[in-house]
Amino acid sequence: MLSSVAWLRRFASLLLALSPLVACQDDSLFTSSVTYCSEPDALLIQQFEIIYFQQNSSVWFNISAASVQPDVNVSANIFLNVYGMHPVNYTIDLCSLFNGALCPLPTYNFTGSDTIPLPSSLNLSQMIPEIAFKIPDLEAYAQLSLTEVTTGALKACVQATLSNGWSAHQVGVEWATSGLALLALLSAIWFSTTPDNLLPFRFVDLFYLYQWAASTALLDLNYSSVYIAFATNFAWALGLLSASANSPIQLAINNMRHLTGGTMADASGGSAVAFVNRKLSPYNAAVAMFFSGTSQLLNINQEVVLMGSNSTLANYASSASIHDVKQLDSAGTVQLVTSSSSNVLQAGIPIYVNYVGIATANAFMTIFLIALMVLAIFLLIVAIGYGIAVLLTRRNRGKATSLPDLQERFTGWARAWLLRLCLIVFTPATIFTLYQWTLEDSWLSVLLSVLFLLVVAGYLSYHLLLIARLAVRGTPSALYTEPKYLISGAPLFALYRPERYYAALPLLVATLLKAVLTAFAHADGEVQIIFFLVIEVGVLATLLILRPHKTRGADILATYLAITRVICTGLLVCFVEEIGLGAIPRVVVGIVAAVFISVAVIVMFINILLSAAVPYLWRHRSTSSAEPSTLEKGAPEDEETERPVNPTPEQMIPLDSSVNQPYPDNASQTSMEDRSVYTQESGSTTVGSLLPRHLSLRPSELSHSRNSSISHSHNSFSRLSSFISTNASSPIQCSTPSPSYSHMQLQGRQPTVDEHPPTSY
């Protein structure tokens, strides 16, 4: 009882220690990004943060803005877009507010932050559905536009995307997937000394699954926001580690690009959602759409706006100075994004990489630097391991436990792992290298991309040609019997049957074709997704026809993963812009595709655990089950005293009828010619012994030798018979039989097939 109480106390202490990491998610809506949707003329904004709390129907704001154009009478239009629907579209006459204090619009620098309870007359809680506070990656934004009353000219336009705090992109998911990859890596390293062990292959398969899941969001499609957020959980598998605009690596890449002719924009410090093309999610509409159609005129008096607030407009307003206006204008925190802007993020790679904080032009260089870091770590581990192998070889040289081939085996092991690293790097290297050629940004980035692709593709091609040459010149089975190729080239063929040693080639070709489509057809999502679907179906058909794996379970797993890729690729067809599917159906499709990918990751996790645990469990089970079976058979524990096993014919050979005879009642009836000669001094027989030619008997001596041998055997057998008859009436004595008695018994055995003389027909 005391131990259980102590365990509960420790568990409670652990919960208290982790309590700071737990936060409660309130039902709220807030602005996640703010941009200008037209050239700022009468209104400049530096900061615009608004949060609406559903529980107490209040609004918190933190706004820093300035009105800079005098003598302007404007009306305000408030527009709300939620998944392509327009629940709010109101026009407010500013001249009716505050007894005309806002008409004309005063030149003020407004900076303030406060919480205002909203009046119940607005009934805002009934206008916002409950699901808006729960659905992840909400696709909604609000727009405020100021239009001059007399001329109808647009004086200011501000857009703010809304979020509820829920997202399919979670740091915990990134850590979980990377932890699974680390577990697979350690298990693969431990079991990689055996070329045909499954864990090294499962490690590569897991990384390929991660990279495929991330690459599905790189096409020119109108993805739902929830699917892009989900796909960014696997961005680290492509080498795209989440970064900020002030990251040392990103700053170094920016500096390098600008020094070598790069002119593309760097990553912004704010959210990448603000720069997304307005035709795509989460905006789901054209920019000019908001000014078409009718809007309702909303009259709000001063008491309603300021009800429940302890502040007044004068607490935050002050006359705007030229210095303040210039400071707001140069702050750059709120940027202009229109359909003709150069900083608009198009669908595909630009949106994806900016979502993780990396500029479009920096994507390849980020992957290149990560690959160099991984290569440096690998070379360090190989150097340490090779040094240990050399030390052990020299220390054990000349001893019975020397390891003369340890260095050679370690070299093959290192080459095999370098090949696995090339297989892992192959997908991001091909996609982002080819895409870098289309940007025409920095000549140094292009040069490094060419070298990078040549090294990775060249190493893979070298091993593929080496394997093909050995299989064509000899037989495919030679790949599995030659230790040199079996260890170093195992990642490419050891998983498959000898007659299907080339089964890895279709998957590599499919990866290359998809990379070409992603890079060079980045402006035509319809072409991309059609060919992607054809390629995935082709890979699935190849697996079904060839069935290349050594076990049925491996074929089932590979087929399941291929079917998952085909289904998810088919679902991505719904994101083609030309189809024009609504925002809500696209969200449903994105969630369904995310579920399929999540289930595949879980299946791989279970498979890796089973592959790592089953050998130990099977070994323990076989060891524990072998002991009772051995004791049941009566076999002694000492191997030296184990009796010989009775011979069992491997084939059904007909037995000679003359041999299959019962023992005679009287041992003297047995023909002496059928017995072998036993020498008591040597303890051996002459049956089956091949004598030299000079010791062989001539035909004239054969009868004499046989007669003497028979007479000698007859005399010995007579003495044995007299000995048995003399002691037959004596009491039974428990004593160990002597060797001579055993030898005498051996003389009286029935002749075997080899000893029986040939029968003439």
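Rules used in this analysis
- Residues numbered from 1 in each chain as written.
- Predicted model: local features only at pLDDT ≥ 70, side-chain atom pairs only at ≥ 80, totals over all residues.
- Heavy atoms only, no water.
- Salt bridge = Lys/Arg side-chain N within 4 Å of Asp/Glu carboxyl O.
- Helix = DSSP H or I, 4+ residues; strand = E, 2+ residues; numbered from the N terminus.
- Buried < 20%, exposed > 50% of the residue type's maximum accessible area, 1.4 Å probe, protein only.
- Contact = heavy atoms within 4.5 Å.
- pLDDT = per-residue confidence, 0-100.
- Disulfide = S-S within 2.5 Å.
- Patch = residues over 30% accessible without salt bridge, like charges linked within 9 Å, V, L, I, M, F, W, Y side chains within 5 Å.
- Areas by Shrake-Rupley, 256 points an atom, 1.4 Å probe, with all protein chains shown as cover.
- Lys, Arg positive; Asp, Glu negative; His and termini not counted.
- Charge placed at Lys NZ, Arg CZ, Asp CG, Glu CD.
- Polar contact = N/O pair within 3.5 Å; in protein donor to acceptor, adjacent residues only side chain to side chain.
- Core = buried A, V, L, I, M, F, W, Y, C linked by side-chain atoms within 4.5 Å.
- Expected span 1.5 Å × (residues − 1).
- Arc of directions from axis to C-beta.

### As for the pattern of salt bridges
Enumeration over the complete set of coordinates arrives at nine salt bridges. Here D41 makes a salt bridge to K155, at a shortest N to O gap of 3.6 Å. On the criterion of sequence distance, the pair formed by D41 in the loop between β1 (28-36) and β2 (43-53) and K155 in strand β8 (residues 154-163) is long-range, its members being 114 residues apart. Residue classification places D41 among the partly exposed residues on the basis of a relative accessible area of 35%. Note that D266 is salt-bridged to R257, the shortest N-O span being 2.7 Å. Judged by its relative accessible area of 0%, R257 falls in the buried class.

### With respect to the side chain of K155
Using a relative accessible area of 10% as the deciding quantity, one classes K155 as buried. For K155, the contacting residues outside a window of four places in its chain are E39, D41, A42, L43, Q69, V72, V74, L146 and E148.

### Observations concerning the confidence of the model for the chain
Looking at the chain as a whole, the pLDDT averages 78, with 70% of positions reaching at least 70. pLDDT under 50 marks residues 287-332. Its contacts with residues more than four places away, or in other chains, come to 73 contacts. Contacts of residues 628-643 to residues separated by more than four positions or lying in other chains number three contacts, the stretch itself having pLDDT below 50.

### Details of the state of the cysteines
Per the counting criterion, the structure on display carries two disulfides. Bridging C37 to C157, the disulfide has an S-S length of 1.5 Å. For the disulfide bridge between C37 and C157, the dihedral angle about the S-S bond is near -95 degrees, and by the sign convention the bridge is left-handed. Placement of C37 in the loop between β1 and β2 and of C157 in strand β8 is noted, with a sequence separation of 120 residues between them. Here C95 engages in a disulfide with C103; their sulfurs sit 2.0 Å apart. Judged by the sign of its S-S torsion, about 50 degrees, the bond between C95 and C103 is right-handed.

### Comments concerning a negative patch on the surface
A cluster of like negative charges, contributed by D524, E526, E577 and E578, occupies part of the molecular surface. With respect to the secondary-structure elements, E526 resides in helix α17 (residues 525-546). We classify E526 as partly exposed; its relative accessible area is 38%.

### Looking at the environment of T551
Tracing the sequence through the fold places T551 in the loop between α17 and α18 (552-571). On the basis of relative accessibility, which here comes to 42%, the residue T551 falls in the partly exposed class. Along the chain, T551 and R497 lie 54 residues apart, while their C-alpha atoms are 8.9 Å from each other. Polar side-chain contacts of T551 include one of 3.3 Å to the backbone nitrogen of A554.

### Here's the deal with the nonpolar core
Ranked by internal contacts, the top residues of the largest apolar core, which has 112 residues, are Y210, L240, Y352 and F432. A per-element tally of this core places helix α11 (residues 406-439) first, with 15 residues. Those residues in contact with Y352 that lie beyond four places of it in its chain are A214, A217, L218, A231, T232, F234, A235 and L240. In terms of nonpolar packing, the next biggest core, distinct from the first, is built from 25 residues, I63, F98, L105 and F110 among them.

### Quick notes on helix α3 (residues 171-191)
In this model, α3 (21 residues) spans 30 Å end to end at C-alpha, consistent with the 30 Å of a helix rising 1.5 Å per residue. All of the buried residues along α3 are E174, T177, L180, A181, A184, S187, A188 and F191. Down the axis of α3, the buried set is contained in an arc of 165 degrees. They therefore lie on one face. Structural note: α3 exposes G172, W175, L186 and W190 on the side pointing more than 90 degrees away from its buried face.

### Looking at unusual backbone geometry
The omega torsion of the bond from S281 to P282 falls at 10 degrees, within 30 degrees of zero and hence cis. With respect to the helices, strands and loops of the structure, P282 is situated in the loop between α6 (248-259) and β9 (296-298). Even without being glycine, S57 reaches a positive phi, approximately 50 degrees. Unusually for a residue other than glycine, E440 sits at a positive phi of about 55 degrees.

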